[in-house]
Amino acid sequence: MKYELNSGIFVTEDTREAGESVYFLKTKLNERYLDNLDSNIKILEPKDVIKAWGLDELRVVGITGTNGKTTTAAAIYSILTDLNEIAALQGTRGFFVDDKQVEPKSLTTPTLLQTLHNMKVAKAKGAKYFIMEVSSHAIDQDRIEGIDFSLKVFTNLTQDHLDYHKSMQEYARVKSLFFMDDSLKLLNKDEIKKIDFNPTKAYTYSLDEPSSFKVEAFSLNNGITAAINHLGEIATFKSSLVGLFNVYNLTAAVASVKLLTQKPFQEICDVVEYFGGVSGRMEVVSREPLIIVDFAHTPDGMMKVLDSIKDRDIVVVFGAGGDRDKDKRAKMGLAAARYAKKIYITSDNPRSENPEDIIEDIAKPIAQKDGVVKIVDREEAIKRAIDELNNNEVLLILGKGDEDYIEINGEKIPYSDKEVVRRYLNILST
């Protein structure tokens with residue numbers, strides 16, 4: 001993909017597109033291909049593109065962590081918008097500017113040139129803030145090279161992506177790299193021992209440990225109500241979101257907006273209630289019966305989601321992705337067994353693996369537990385769970401969230417948990 005740098009001159013990251021009027025953006029990821037370029041092609045550094053497009057004027061916020069990136073980023077974006085600030089949001093859900101979607105869902109963190117171009121589009125539309133999710137892959141591959149962050153946010157660190165990073169130590173090391181400079185930082189104090197960071201300009205938020213933004217009290221009845229102490233000033237917010245993990249996400253969001261804008265703290269908290277959450281994240285698809293869809297696909301993510309509704313009898317449908325971290329599968333089974341009354345283990349993007357093998361990996365440590373059902377076909381698993389759902393039970397369908405496909409042997413087949421539920425409930429009601 002090439003983009004116009006200035007009048008008649010374009011820029012690309014692809015050596016095959018580079019030419020006389022198409023300059024080549026050299027990054028850490030593509031510099032190994034420099035030998036493929038003709039000697040007369042002009043080579044640019046990220047700082048050259050940033051200067052040409054005037055991107056230094058944007059205030060960029062980067063959120064990283066195993067869980068909570070998408071919701072925290074979306075909440076920051078929502079709060080800023082409701083405070084009459086023009087903001088942009090880039091991440092798993094796509095690219096948005098001023099409450100309008102510009103690009104559809106893509107990678108959590110796109111290529112560097114794509115991100116810089118999105119920043120250019122945001123600036124042209126009047127945005128002052130650019131909120132972006134930052135994946136560990138992007139940090140490791142320098143896909144954020146040259147970007148000057150106004151604020152960096154750390155949510156948490158739990159097991160994920162070990163197929164890529166190989167160990168938790170390496171995963172933590174890569175995440176830590178993001179916080180080694182002198183940028184303004186906001187770190188989850190309850191998770192802070194899991195990473196290294198430069199303490200310069202570092203603020204913290206927490207529910208347990210003393211911090212710059214400390215949740216002094218909260219309630220999870222009928223949504224979330226929380227009181228936050230920031231340097232002696234108490235502010236409260238209310239939200240329709242559910243779960244303890246969303247107390248963390250929303251606290252990170254209001255703290256971020258406070259650090260960015262310095263607006264009155266209560267004024268920031270007052271608009272939290274207008275944030276309706278993220279599609280596929282603890283999304284209530286049906287209330288009678290109560291059926292919730294969530295993206296949780298790690299042991300810790302499952303624990304947080306299941307713990308958030310432990311006052312109900314829980315039924316869970318989930319699987320694990322193929323060709324990915326196999327070590328987490330048994331742990332996901334144990335997480336489900338800790339909270340759920342009935343467990344339906346099924347497929348979730350098996351990719352090139354045999355889905356039955358993945359299911360057995362999950363089920364192995366809970367083979368003796370009553371109420372464990374194995375069904376390879378995900379749609380059939382959901383239908384059976386609904387058929388067997390009792391009045392006092394809540395059905396949680398985990399792993400895919402708002403994904404609109406299931407990946408099998410390199411093919412992305414159209415599929416949606418939410419549509420399966422709605423379609424089947426409609427059949428049952430007629």
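Going by the structure above, here's the rest.
The following paragraphs examine the structure supplied in this document. Owing to the predicted nature of the structure, the values given are computational and were not obtained by experimental measurement. (Residues numbered from 1 in each chain as written. Predicted model: local features only at pLDDT ≥ 70, side-chain atom pairs only at ≥ 80, totals over all residues. Heavy atoms only, no water.)

Description of the environment of Glu103
Point 1. Examined against the element boundaries, Glu103 turns out to sit in strand 8 (residues 100-103).
Point 2. Between the C-alpha atom of Glu103 and that of Gln90, which follows or precedes it by 13 residues, the distance is 9.0 Å.
Point 3. Ignoring anything within four residues of it in the chain, the contact list for Glu103 reads Gly94 and Phe95. (Helix = DSSP H or I, 4+ residues; strand = E, 2+ residues; numbered from the N terminus. Contact = heavy atoms within 4.5 Å.)

Structural notes on the packing of helix 12 (residues 378-387) against helix 13 (residues 417-429)
A pair of packed helices is captured by two measures, namely the crossing angle of their axes and the spacing between those axes.
Point 1. At a minimum axis distance of 10 Å, the contact between helix 12 and helix 13 shows a crossing angle of 45°. Of the possible angle classes, the one that applies to helix 12 and helix 13 is oblique. Relative to helix 13, helix 12 is oriented so that their crossing is right-handed. Taking contact as the criterion, the partners of Arg378, Glu379, Ile382, Lys383, Ile386 and Asp387 in helix 12 are, on helix 13, Asp417, Val420, Val421, Arg423, Tyr424, Leu425 and Leu428. (Axes fitted to C-alpha atoms, helices over the stretch in contact; angles between N-to-C directions. Parallel < 35°, antiparallel > 145°, perpendicular 65-115°, else oblique. Left-handed = near helix turned anticlockwise from the far one by under 90°.)

Points about empty space enclosed by the protein
Point 1. Taken as a whole and assessed by the stated rule, the structure comprises one cavity of 30 Å³ or more.
Point 2. Computed from the structure, the largest cavity encloses a volume of approximately 30 Å³.
Point 3. Together, Thr70, Ala73, Ala74, Leu89, Gln90, Gly91, Thr92, Arg93 and Glu133 line the largest cavity.
Point 4. Those elements giving two or more residues to the lining of the largest cavity turn out to be helix 2 (69-82) and strand 6 (87-91). (1 Å grid on protein atoms, 1.4 Å probe; cavity = no way out; pocket = protein on both sides within 12 Å on 5 of 7 lines; lining within 4 Å. Points joined across faces, edges and corners; volume = space filled by probe spheres on them.)

Section: a nonpolar patch on the surface
Point 1. A contiguous nonpolar surface patch, about 230 Å² in accessible area, is contributed by Phe218, Leu220 and Leu244.
Point 2. Structurally, Leu244 is set in helix 7 (residues 244-261).
Point 3. Relative accessible area serves as the criterion here: at 30%, Leu244 is assigned to the partly exposed category. (Patch = residues over 30% accessible without salt bridge, like charges linked within 9 Å, V, L, I, M, F, W, Y side chains within 5 Å. Areas by Shrake-Rupley, 256 points an atom, 1.4 Å probe, with all protein chains shown as cover. Salt bridge = Lys/Arg side-chain N within 4 Å of Asp/Glu carboxyl O. Buried < 20%, exposed > 50% of the residue type's maximum accessible area, 1.4 Å probe, protein only.)

These figures capture arrangement, not role.
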